[in-house]
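# Analysis of the macromolecular model
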Amino acid sequence: MAFFAPVGRQSRFLTATGWLRYVLGGLLLLLFAVGGAPVPSKKGLRTKNVIIVVIDGPRYSETWGNTPGNIPNMSTTLKAKGVFFPTFYNKGYTYTNSGHTALTTGINQPIDNYDKEFPQQPSIFQLWRKATGKPATAAWLITSKDKLYILANTLNPEWKDQYPPSVDCGISGPGTGYRADSLTLIAVKRILTQYQPNLVLINFMEPDGYAHAGNWPNYIRGINRDDRYVQQLYDFLQKSKAYRNNTALFVTNDHGRHLDTVPPGWTEHGDGCEGCRHISLLALGPDFRKGRTVKDTCTLVDVPSTVAYMLGIPFTQGHGKSIEALFKR
């Protein structure tokens, strides 16, 4: 609303006052932006939704190191539609809870791997919900492993129990055990249809679970099945009016597995060997290049920084960087 005054000294006084208010208002807006207001994403981005799929614990040699092999859908059809990073790594702690924490908080931290410890800092889900005012049903953790419910909360007292995402983890929540990845895919389709969330993380656990059990045939089968589930999810998104042409899909891993030369070999993981650290990233979306392989080295903590950039929220806590090589412009 504009205010007017008679010409003369009073007019000059109001003009000076208005200028002062303008300057102070600009400073306040700047401070508010630094303190947590949404930061606009790159002009022209079409992405409105982000889905991160984590295939838990396959070794690179059994996935992208031997294609099409066990991942015929991702290495042919989907790779041609997106951007693939063959030199993608977990540079932090190479076990499940820590790898997923890096993906959701942008920080590599040691964390109890048996579901008794929350991450030190809030997740991108919490930050996004606060910045946008979206309800809990707009952000989801949908995981085959029940213990990954920890990703919904934090030890940070300023954020603990604040703005958590919705959770569908394991058979029916914490302490109920792991569920088959086929059932997790069913839950994913149901939740996407019912709630149409904007930000989702999905965990498929079968490669890791069968490897720990020492079952090589089922380990390979788990990789092959998850490859098929990723294709089915992509097809589902393309057929959905809510997600078609406005959704970014990231497919990655939380960790790999020991090299055969590192005892006890492929059944375990958790150190800094190449087998544990070398993972992969495939990204598809309306703002990404198509059919490109990027040889730049990137890491898990770069993913949430990229997501924050795309969704237009501040993410100063993240230790990664936005992956500019993904984008068309």
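Please refer to the structure placed before this passage.
Now for a quick tour of the structure. None of these values were measured; they are calculated from a predicted model.

The rules behind each value
- Residues numbered from 1 in each chain as written.
- Predicted model: local features only at pLDDT ≥ 70, side-chain atom pairs only at ≥ 80, totals over all residues.
- Heavy atoms only, no water.
- Buried < 20%, exposed > 50% of the residue type's maximum accessible area, 1.4 Å probe, protein only.
- Helix = DSSP H or I, 4+ residues; strand = E, 2+ residues; numbered from the N terminus.
- Phe/Tyr/Trp six-rings, centres within 6.5 Å; stacked < 30°, edge-to-face > 60°.
- Lys NZ or Arg CZ within 6 Å of the ring centre and 35° of its normal.
- Axes fitted to C-alpha atoms, helices over the stretch in contact; angles between N-to-C directions.
- Parallel < 35°, antiparallel > 145°, perpendicular 65-115°, else oblique.
- Left-handed = near helix turned anticlockwise from the far one by under 90°.
- Contact = heavy atoms within 4.5 Å.
- Nonpolar A, V, L, I, M, F, W, Y, C, P; charged D, E, K, R; others polar.
- Salt bridge = Lys/Arg side-chain N within 4 Å of Asp/Glu carboxyl O.

## Here's the deal with helix α9 (residues 302-311)
- In terms of residue burial, α9 counts as a mostly covered element, since nine of its ten residues are buried.
- Residues of α9 that are buried include every one of D302, V303, P304, S305, T306, V307, A308, M310 and L311, and no others.
- Within two residues after α9, G312 carries a phi angle of roughly 75°, on the positive side.

## Focus on the packing of aromatic side chains
- According to the stated counting rule, one finds twelve aromatic pairs in the structure shown.
- Of the aromatic side chains, those joined through ring pairs into one cluster are F250, F288, Y309 and F327.
- The ring of Y114 has K147 sitting right over it, with the charged end atom 5.7 Å from the ring centre.

## Observations regarding the packing of helix α5 (residues 181-195) against helix α7 (residues 216-239)
- At a minimum axis separation of 11 Å, α5 and α7 run at an interaxial angle of 10°. Between α5 and α7, the angle is such that the two are roughly parallel. Handedness of the α5/α7 crossing: right-handed. Where α5 approaches α7, its residues D181, S182, L185, V188, K189, L192 and T193 are matched on the opposing element by R225, D226, Y229, Q232, L233, F236 and L237.
- Looking at side-chain class alone, the contact of α5 with α7 contains seven nonpolar, three polar and four charged residues.

## What to know about the pattern of salt bridges
- Counted according to the given criterion, the structure contains nine salt bridges.
- Between R59 and E62 there is a salt bridge; the shortest N-O distance is 2.9 Å. Like E62, R59 is buried.
- Here R257 and D208 are joined by a salt bridge, their closest N and O atoms 2.9 Å apart. Placement of the pair is R257 in the loop between β6 (247-252) and α8 (274-277) and D208 in helix α6 (residues 206-212), with a sequence separation of 49 residues.
- For R257, a relative accessible area of 0% gives the class buried.
- Accessibility expressed as a relative area gives 3% for D208, which makes it buried.
- One salt-bridge network, held together by shared partners, links D56, K145, D208 and R257.

These figures come from the coordinates and say nothing about function on their own.
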